[in-house]
Amino acid sequence: MLFGHNSNVKIGEVLYHVQTEDRGTSHAVIDTMVYHNGRVLHRRANSYFDLLPLDAAREEKLKQRVSAQHHAILEELRSGTLKLAQHAVPVAPTKPSADGGEKVPPSSSATRDSLSLELLNTKTWLSGKRATLQVLVSRKENGAAVSGARVTARIEGAAEPAQYATATGLDGKAQLAFDMPRLAGAECALVIEANNAKAQARLHFQLRAKPKVPASE
């Protein structure tokens, strides 16, 4: 059984359509897209490989995840925190600091360095138009696997912005699988990020016109 939700959200004079679908066990992805006038302004995809193979209990968990993702997007859209391809909805202004300048988030370099993020299949991650990222998240100081870390991937320069996410298992490994979007930017890149509490790590691979192996900048 495939689960899904469809909602219309009007913000000011702008009407958005939000669609969330289970792409089926062959893809194991919960896919949410935000449309305006037929154009995709945002896409979010989360893997549910951890629930396979499905049984009655896991199917119920999947149903809950689909619903939770859909309502999370609705809430972000209503609050103005969702990043859209074009900002049809006014974004809340940055709070000024005491000296009149904008507040700048503190540097995360200290926490960023505590995680190690590795793409395990650098030579085979792309097959045709299908991307399969196998990653490992570990502690930089001792190499210990990090379970439960959130791993996200996106293609900078894609014609339609999309982000794919999953979580690492007990062995610190995770897999993200998705169809490569159409590239529209002059400089395109595969960006993979890992987050665990305040610790972060990031990989950035420049993409060529017909990428086979991502080459680090």
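Located above this text is the structure these notes cover.
Bear in mind the structure is a predicted one, so any value in this text is a computation, not a measurement. Residue numbering note: each chain is counted from 1, following its sequence as written. Local features in this predicted model are restricted to residues whose pLDDT is 70 or higher, and side-chain atom pairs enter the listing and the counts only when it is 80 or higher, whereas totals over whole chains, interfaces and linings include all residues. The side-chain quantities take in all heavy atoms of the structure and omit both hydrogens and water.

Visitor: Would you explain the overall build of the protein in this entry?
Guide: Within the protein, the secondary structure is distributed over 2 helices and 13 strands. A total of 217 residues make up the protein; the buried ones form 39% of that total. Here, two residues are considered to be in contact whenever any of their heavy atoms come within 4.5 Å of each other. Within the protein, contacts between residues separated by at least 24 positions form 52% of all contacts whose residues are at least 6 apart in sequence. Surface exposure here means Shrake-Rupley accessible area, sampled with a 1.4 Å probe, where a residue is shielded only by the protein chains that are shown. Put simply, the protein shows about 12500 Å² of open surface, and 50% of that area lies on carbon and sulfur atoms. Here a strand is any run of E in DSSP of at least two residues, a helix any run of H or I of at least four, and the numbering for each starts at the N terminus. When accessible area is computed with a 1.4 Å probe and restricted to protein chains, residues below 20% of their type maximum are described as buried, those above 50% as exposed, and intermediate ones as partly exposed.

Visitor: What should I look at first to understand the layout of surface pockets in this one?
Guide: Gaps left between atoms show up when a probe the size of a water molecule is rolled over them. Buriedness of a pocket was judged along seven lines, with at least five required to meet protein on both sides within 12 Å; pockets are open sets of points on a 1 Å grid over the protein atoms alone, cavities are sets where a 1.4 Å probe fits but cannot get out, and lining residues have an atom within 4 Å of a point. Grid points are joined across faces, edges and corners, and a volume is the space filled by probe spheres set on the points. The space that makes up the largest pocket amounts to roughly 410 Å³. Taken together, 17 residues make up the lining of the largest pocket; nearest its centre are His42, Lys83, Arg154, Pro161 and Gln163. Elements that contribute at least two residues to the lining of the largest pocket include exactly strand E4 (39–47) and strand E8 (150–156). The element best represented in the lining of the largest pocket is E4, accounting for 4 residues.

Visitor: Please explain the side chain of histidine 36 as it appears in this structure.
Guide: If you trace the backbone, histidine 36 turns up in strand E3 (residues 29–36). What makes histidine 36 buried here is its relative accessible area of 16%. N or O atoms within 3.5 Å of each other form a polar contact, as long as, within protein, one can give a hydrogen and the other can take it, and as long as residues adjacent in sequence are counted only when both atoms are side-chain atoms. Side-chain polar atoms of histidine 36 contact the side chain of asparagine 37, separated by 3.3 Å.

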